[in-house]
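Chain residues, written in single-letter form:
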Amino acid sequence: MWRVNCTALLILMVPMLSYAQALSDPTAPPRVIERSEAGESSTQRLKLQSIQWIGTERSALINGERLYPGDKLNSYTVETIEMSQVTLRDQRTNQLITLRLFGFAKQRVSPAARSGL
């Protein structure tokens with residue numbers, strides 16, 4: 001009798017355990033669904049993972065690499081590192097790309113790129 005009750009109890013607990021695993025973490029940062037452009041491959045995606053300030057020195061962790069202003073990552077150069085965003089310049093198109101922590105990446109075109117310089 002005891003063995004049957006333990007088995008029934010375990011069977012009833014399994015759905016509750018799986019429900020508990022599906023709950024979201026209320027302390028996690030907001031989830032953002034990444035948008036990819038039509039011609040963009042997954043290897044070209046840039047993901048800003050963190051920004052670090054030590055004194056006046058700023059660095060950013062992008063795609064697993066620690067970068068400082070002026071550093072290069074593929075065809076991009078780190079222009080600025082601010083409190084919650086990093087601006088990169090695409091050397092091929094001279095386009096500025098802003099990566100934000102916990103947000104969508106926005107692209108800005110510099111005046112020089114618009115004029116064709």
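Since we're looking at a predicted model, the values are computed, not measured. (Residues numbered from 1 in each chain as written. Predicted model: local features only at pLDDT ≥ 70, side-chain atom pairs only at ≥ 80, totals over all residues. Heavy atoms only, no water.)

**Brief notes about the overall build of the protein chain**
In step 1: Helices and strands together make up the secondary structure of the protein chain, namely two helices and eight strands.
In step 2: Secondary structure elements in the protein chain, listed N-terminal to C-terminal, are α-β-β-β-β-β-β-β-β-α.
In step 3: A burial count over the protein chain gives 21% of its 117 residues as buried.
In step 4: Accessible surface computed for the protein chain: about 9100 Å², of which carbon and sulfur atoms make up 58%. (Helix = DSSP H or I, 4+ residues; strand = E, 2+ residues; numbered from the N terminus. Buried < 20%, exposed > 50% of the residue type's maximum accessible area, 1.4 Å probe, protein only. Areas by Shrake-Rupley, 256 points an atom, 1.4 Å probe, with all protein chains shown as cover.)

**Description of the confidence of the model for the protein chain**
In step 1: Across the protein chain, the average pLDDT comes to 74, with 55% of residues at 70 or higher.
In step 2: Of all helices and strands in the protein chain, the one with the weakest mean pLDDT is strand E8 (residues 106-108) (53), whereas strand E5 (residues 76-81) scores best (94). (pLDDT = per-residue confidence, 0-100.)

**As for the sheet that holds strand E1 (residues 48-54)**
In step 1: Taken together, the three strands give an open sheet; going across it, the order is E1-E2-E3, and neighbouring strands pair in antiparallel fashion. Looking at strand neighbours, the two that pair on one side only are E1 and strand E3 (65-67), the edges of this open sheet. Each strand of the sheet is rotated relative to its neighbour by a mean of 20°, with strand direction disregarded.
In step 2: With three bridges connecting them, strand E2 (residues 57-62) and E3 associate as antiparallel partners. By the bridge assignment for E3, isoleucine 62 is matched with glutamate 65. (Pairing = 2+ DSSP bridges. Axes fitted to C-alpha atoms, helices over the stretch in contact; angles between N-to-C directions.)

**So, the pattern of salt bridges**
In step 1: Inspection of every chain in the model, using the stated rule, returns two salt bridges.
In step 2: Between glutamate 79 and arginine 89 there is a salt bridge, with the nearest N and O atoms lying 3.3 Å from each other. Of this pair, glutamate 79 sits in strand E5 while arginine 89 sits in strand E6 (residues 85-90); the two residues are ten residues apart in sequence, bridging distant segments of the chain.
In step 3: Among the ionic pairs, aspartate 90 bridges to arginine 92, the shortest N-O distance being 3.3 Å. (Salt bridge = Lys/Arg side-chain N within 4 Å of Asp/Glu carboxyl O.)

**Some details on the pairing of E2**
In step 1: The pairing of E1 with E2 spans six bridges and is classified as antiparallel. The partner of isoleucine 54 across the bridge, within E2, is glutamate 57.
In step 2: Between E1 and E2, which pair antiparallel one after the other, the connecting turn spans two residues, and glycine 55 there sits at a positive phi close to 65°.
In step 3: The turn linking E2 back onto E3 is made up of two residues, and asparagine 63 within it adopts a positive phi angle of 50°.

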